[in-house]
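Understanding the architecture of this molecule
One letter stands for each residue in the lines below.
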Amino acid sequence: MSDPEDALELEQTDSTKDKKKKKKKKKKEAKRSGKKKKEKEEQEQQVVEEEEEQSECVVLRGIFKLGKKSHDVLLTRTRLTWTPITPETPSAEACVLQPGVVLLQDVFAVKVKRRRAAGQQSGGAVLGVALFCCRRRGSRLKEDTLHLHNASAEHTNTWYNTLKELLAGFSSRPRYLKVFINPSSHKKEAVHIYREHVAPLFKMADVRTDITVTERKGHALSVMKECKLDEYNGVVCVGGDGSVAELCHALVFRAQLDADYPRKPVKPVLPLGIIPAGSTDVVSCSVHGVRDPVTAALHIVLGHLQQVDMCSFSSLGQLVRFGFSAMFGFGGQSLARAEKKRWMPSSRRREYALVKTLARLRPEDCQLSFIPVNKSNRDQEQDPESEGESWTTNQGLYLSISIMSIPCLSPHAPQGLAPNTRLANGSAALIAVGNTSRSEFIKHLKRYSSSSGQFSFPFVETHTVSAVRIRPRSMIGWSEEESEEEADSKSSPIIQSEGAAFPWNIDGELVEIANEVLVRVHPQLITLYGEEVDEAESTVSCSCI
């Protein structure tokens, strides 16, 4: 009969052997998995290198004059380079010169150059080809032209056709655009800006346009509801923040219509281009960095696309609108006062409203609730009513509450009204300014025109959020269950509530809402022509405070 201790030792030995076997097996599997992963990465790297090598293969080579000197010009699928042809030195050594380079991704048009007599509309002796490209100057994009001279018609046409074929390979570049122009924006210069700065670039890039000059507020929305969008490659807005807000809302709302009102907002198929023609142009500055129509037009013709977060604003379960930013309290009150002085010039009207609102500064008593965003869920759209998400609720007096899904850059605030958020990070910045003295509040406002420090006050709190609910004191006790039932109804959006209500500044537009407002962030809901920028060009200083 065996000893129990020996049996136990035997069992432990067997167990240890099993563990070692399992460990060895896991190591082998991990090694095999690592080897496969490495092989896959090597294959992918090889494919990338082959594609790069293929793209850098010389497509055409020829001699052209740039200025008065002859150059050896090479064309690949991604770039065009030119090197001066120089005679050999007496020592029979050729001079080594750095070639000039232009990337085809920066070229938006190519034309055949011809010599024509005065009044001659077509024909003429061939002189060569001209490449129209963009050069970067900080955030600004400038039009530039590269002239390649060669009198051979056959040589020139070969280069022209090849360049046209390569440029046609950039699929994000538009060929047919629906353009909306608001003739009443700011100084009523939108039509002039489009004709002088934008239309010539569109024509040069062979972009066709269908233009609507809006006649009233809501005109663009009504057109967008009915037009056949599948004919176009994009939509363009020439106007201020109000026009941009209306068209952004119209694009998302049209996508909702086409999808028969699903519960979550639908991403529009068409991108939106913004030609700035307003007084502040916050959205344009946020995707261009400057208020420059040429920069905006070049982003469009070159097909520079940027995914951008948006918010939905609803009250009592009814959609108010889609947008990027909202201000409650001081921002809404000052806009409401400015709207009553529409006869004033925009800068005077804005200064008057700010000073008047500061003179009558008063806080709003409200309940502020929000869902904070963590790093783990930043990239995923959060449903404010989903399980596992908890609302943080504060009750108190607030001078200003802002919710912004984009940085809201402008010449007045080059770092942005919400410098801690980005265009497409899946969240919004909540900035709540508590009750304080007028002098302290003014200090907070003035720091927006500087580089930083606007939030370093004890009465200012900031949060990164996926949803916000603002309930004025008069609305506390309103049934939340009623709101959720109404949220499922398929109702048309309202642009403005009727009757006594609280003023809201939503994307620079006055919207009066009598009840609580629920704001939800929808990651990358819309595509805009432009790019991510860190800072706006500051060309003005705010003298109103």
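Details of the structure are given in the entry above.
Here's a quick rundown of the structure. (Residues numbered from 1 in each chain as written. Predicted model: local features only at pLDDT ≥ 70, side-chain atom pairs only at ≥ 80, totals over all residues. Heavy atoms only, no water.)

1. A look at helix H7 (residues 293–301)
Of all the nine residues making up H7, nine are buried; the element is thus mostly covered by neighbouring parts of the structure. Directly beyond the C-terminal end of H7, a positive phi value near 70 degrees is found at Gly303. (Buried < 20%, exposed > 50% of the residue type's maximum accessible area, 1.4 Å probe, protein only. Helix = DSSP H or I, 4+ residues; strand = E, 2+ residues; numbered from the N terminus.)

2. Regarding the environment of Val73
Along the chain, Val73 falls in strand S2 (residues 69–75). For Val73, a relative accessible area of 0% translates into the label buried. Sequence spacing of Val73 and Gly62 is eleven residues, and the spatial spacing of their C-alpha atoms is 5.4 Å. With near-sequence residues (within four places) excluded, Val73 lies in contact with Leu60, Arg61, Gly62, Phe64, Leu66, Leu80, Thr81, Trp82 and Trp159. (Contact = heavy atoms within 4.5 Å.)

3. Looking at the side chain of Glu246
With respect to the secondary-structure elements, Glu246 resides in helix H5 (residues 241–258). Of the side chains bearing the opposite charge, Arg321 lies closest to the buried Glu246, which forms no salt bridge; the N-O distance is 6.5 Å. At 3.1 Å, the side chain of Glu246 and the backbone nitrogen of Leu221 are in polar contact. Residue contacts for Glu246: discarding those within four places in its chain leaves Lys217, Gly218, His219, Ala220, Leu221 and Arg321. (Lys, Arg positive; Asp, Glu negative; His and termini not counted. Salt bridge = Lys/Arg side-chain N within 4 Å of Asp/Glu carboxyl O. Polar contact = N/O pair within 3.5 Å; in protein donor to acceptor, adjacent residues only side chain to side chain.)

4. Notes on the packing of helix H4 (residues 219–226) against H5
Contact geometry for H4 and H5: axes closest at 9 Å, N-to-C directions at 25 degrees. It follows from the interaxial angle that H4 and H5 lie roughly parallel. Considering only the axes of H4 and H5, their crossing is right-handed. Residue-level contacts link His219, Ala220, Leu221, Met224, Lys225 and Glu226 of H4 to Glu246, Leu247, His249, Ala250, Leu251, Phe253, Arg254 and Leu257 of H5. A breakdown of the residues in the contact of H4 with H5 according to their chemical character gives eight nonpolar, two polar and four charged. (Axes fitted to C-alpha atoms, helices over the stretch in contact; angles between N-to-C directions. Parallel < 35°, antiparallel > 145°, perpendicular 65-115°, else oblique. Left-handed = near helix turned anticlockwise from the far one by under 90°. Nonpolar A, V, L, I, M, F, W, Y, C, P; charged D, E, K, R; others polar.)

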